[in-house]
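Structural characterization, general
Listed here are the chains, written in short residue letters.
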Amino acid sequence: MKKYLKFMFLAVFALAIASCEKEDLPEEEIPQNCNVVEVTENITQPTTWTEGNVYVIKRTIQVRNVLTIEPGVTVKLKDGRIDVFDGKILASGTPQKRIVFTSFADDRYCGDTNGDGAATKPEKGDWQQIYIQGGTGHLFKYVDFFYAGQNVGGYNNAVKIGGTTATFEFDNCRFAHTLFNPGVSYEGSTAFYGGSAMSNPETHKFTNNAFFDNGKPLYVWTHYTVNPNNKFHNPENPQQKNSHNGITLTGGSTEATVKWHVTEVPYVLDEYLQVFGSQVIDIGPNVVVKFKRTGAGISRNAASNVILHPSAILTSFKDDAVGGDTNGDGNATTPTKGDWRGFYNNFRPWFYEASANIRYAENP
């Protein structure tokens, strides 16, 4: 009898643990037992992918017309990618019925699609990317991008924006488990690659998204205002973040006002950014900006060009004391004076700014 009661207690305990684990997952309807549709041809006519199906892609598919993806649809890829040229993707899920792009080996969504039981499991880099090279009005709402980042010509991304004329909206999306390759170029391995094609928050909308279990999460233009409502951790498990947590910036001149107001992660700059004319960079309260190399820094031609809040910090990429271990090397490196160039006032009187919150610069 005692053995029986002990067995029953363990069974109930295990069931309770399983229930807690389930509750830790997003409250969504995860599709199972889906009909398998293998996609082998380019999208050249208006096409709708419907709920109840899992769409399998094992090659490069081009979207050259309107592709509408219904809530609850799962797309599984194996070594494949989706290239969007003059077409458009309209993927609008809901909180209960998210749209998922994931690995062919991911049995959580639509079951064991590859039919191998438990022999394989999803891995980072199982598929390549979604590459938006053109088209306007792309919509990704409540969409997940899991296990992407396989090498594509030196780039490891889940989503890459390549067309400067493309307009899009990503809202309430999740980017997770993207393969990170530390050997590629500074910006080439980021979960979401916006770059210079992502410059205007009105036409390149990016809100309420979450990044976790990636390397570098996000790469954008220096003059793009990243909305602080984006998250750089797993909303269901805040301890799960990214190994190189930060917003990677690329430079360039544009007559614009930008707000660097994200405080969860640092901004990372790898160049000497000169702010002049009518340009304004507003570096907000408690923001951390890290400079990646000795020649990197920032200069302004007038006091109005850079608004630096007194609590903002400009520092070395190696400075783990603020913004965390952004370079992802643990304790292998430590910050020293001269790690970056400094913050220069390029107007009379010419001088480099100095304060307790400007750290490890060569000047002054």
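Here we summarise the structure given alongside this text. (Residues numbered from 1 in each chain as written. Predicted model: local features only at pLDDT ≥ 70, side-chain atom pairs only at ≥ 80, totals over all residues. Heavy atoms only, no water.)

Notes on the environment of Thr315
Along the chain, the position of Thr315 falls in strand E28 (residues 313-316). Its relative accessible area of 0% is what places Thr315 among the buried residues. Separated by 145 residues in the primary sequence, Thr315 and Phe170 have C-alpha atoms spaced 31 Å apart. Residues in contact with Thr315, not counting those within four places in the same chain, are Val288, Val289, Lys290, Phe291, Val322, Trp340, Arg359 and Tyr360. (Helix = DSSP H or I, 4+ residues; strand = E, 2+ residues; numbered from the N terminus. Buried < 20%, exposed > 50% of the residue type's maximum accessible area, 1.4 Å probe, protein only. Contact = heavy atoms within 4.5 Å.)

Some details on the sheet that holds strand E22 (residues 267-269)
Strand pairing in a sheet is mediated by backbone hydrogen bonds. Such pairs are either parallel or antiparallel. Pairing is parallel across the open sheet formed by 10 strands, whose spatial order is E4-E7-E10-E13-E16-E19-E20-E22-E25-E28. Looking at which strands have only one partner, the edges of the open sheet turn out to be strand E4 (60-63) and E28. Neighbour-to-neighbour, the strand axes of this sheet turn through a mean angle of 20°, independent of strand direction. With four bridges joining them, strand E25 (residues 288-291) and E28 adopt parallel strand pairing. By the bridge assignment for E28, Phe291 is matched with Ser316. (Pairing = 2+ DSSP bridges. Axes fitted to C-alpha atoms, helices over the stretch in contact; angles between N-to-C directions.)

Observations regarding the state of the cysteines
Scanning the model with the defined rule gives one disulfide in all. Disulfide partner of Cys34: Cys110, at an S-S distance of 2.1 Å. With the S-S dihedral at roughly -70°, the linkage between Cys34 and Cys110 falls on the left-handed side. Within this pair, whereas Cys34 is found in the loop between helix H1 (2-23) and strand E1 (35-39), its partner Cys110 is found in the loop between strand E9 (99-103) and strand E10 (130-132), the two being separated by 76 residues in sequence. Cys173 carries a free sulfur, and the closest cysteine sulfur to it, the one in Cys110, is 18 Å from it. (Disulfide = S-S within 2.5 Å.)

Structural notes on the sheet that holds strand E24 (residues 280-283)
The strand order across the open sheet built from three strands is E21-E24-E27, with neighbouring strands paired in parallel fashion. A single partner strand is all that each edge strand has here, and the edge strands are strand E21 (257-260) and strand E27 (306-308). Shown here is a sheet whose adjacent strand axes are inclined to one another by a mean of 10°, direction ignored.

Observations concerning the pattern of salt bridges
According to the stated counting rule, one finds 13 salt bridges in the structure shown. Of the charged contacts, one joins Asp86 and Arg64 as a salt bridge, the two residues approaching to 3.5 Å between their closest N and O atoms. Residue Asp86 is found in the loop between strand E7 (81-84) and strand E8 (88-92), and its partner Arg64 is found in the loop between E4 and strand E5 (66-69); the two are separated by 22 residues along the sequence. Relative accessible area serves as the criterion here: at 54%, Asp86 is assigned to the exposed category. Judged by its relative accessible area of 36%, Arg64 is partly exposed. The network of salt bridges with shared partners includes Glu28, Arg98, Asp144, Arg174 and Glu236. (Salt bridge = Lys/Arg side-chain N within 4 Å of Asp/Glu carboxyl O.)

As for the packing of aromatic side chains
The full count for this structure, using the stated rule, is 22 aromatic pairs. Ring centres 6.3 Å apart and planes at 45° place the aromatic pair Tyr109 and Phe146 in the tilted group. With Tyr109 in the loop between E9 and E10 and Phe146 in strand E12 (residues 143-146), this pair connects stretches of sequence that are 37 residues apart. Note on Phe175 and Phe206: the rings are 6.2 Å apart at their centroids and 25° apart in plane angle, and the pair reads as stacked. Of this pair, Phe175 sits in strand E15 (residues 174-176) while Phe206 is found in strand E17 (residues 204-207), placing the two residues 31 residues apart along the sequence. Residue Phe175 is classed as buried on the basis of its relative accessible area of 0%. One aromatic cluster in this structure is built from Phe101, Phe140, Phe145, Phe168, Phe170, Phe175, Phe192, Phe206, Phe211 and Phe232. Residue placement shows Lys160 over the ring face of Tyr193; its charged tip is 5.2 Å from the ring centre. (Phe/Tyr/Trp six-rings, centres within 6.5 Å; stacked < 30°, edge-to-face > 60°. Lys NZ or Arg CZ within 6 Å of the ring centre and 35° of its normal.)

The values are spatial; any link to function lies outside them.
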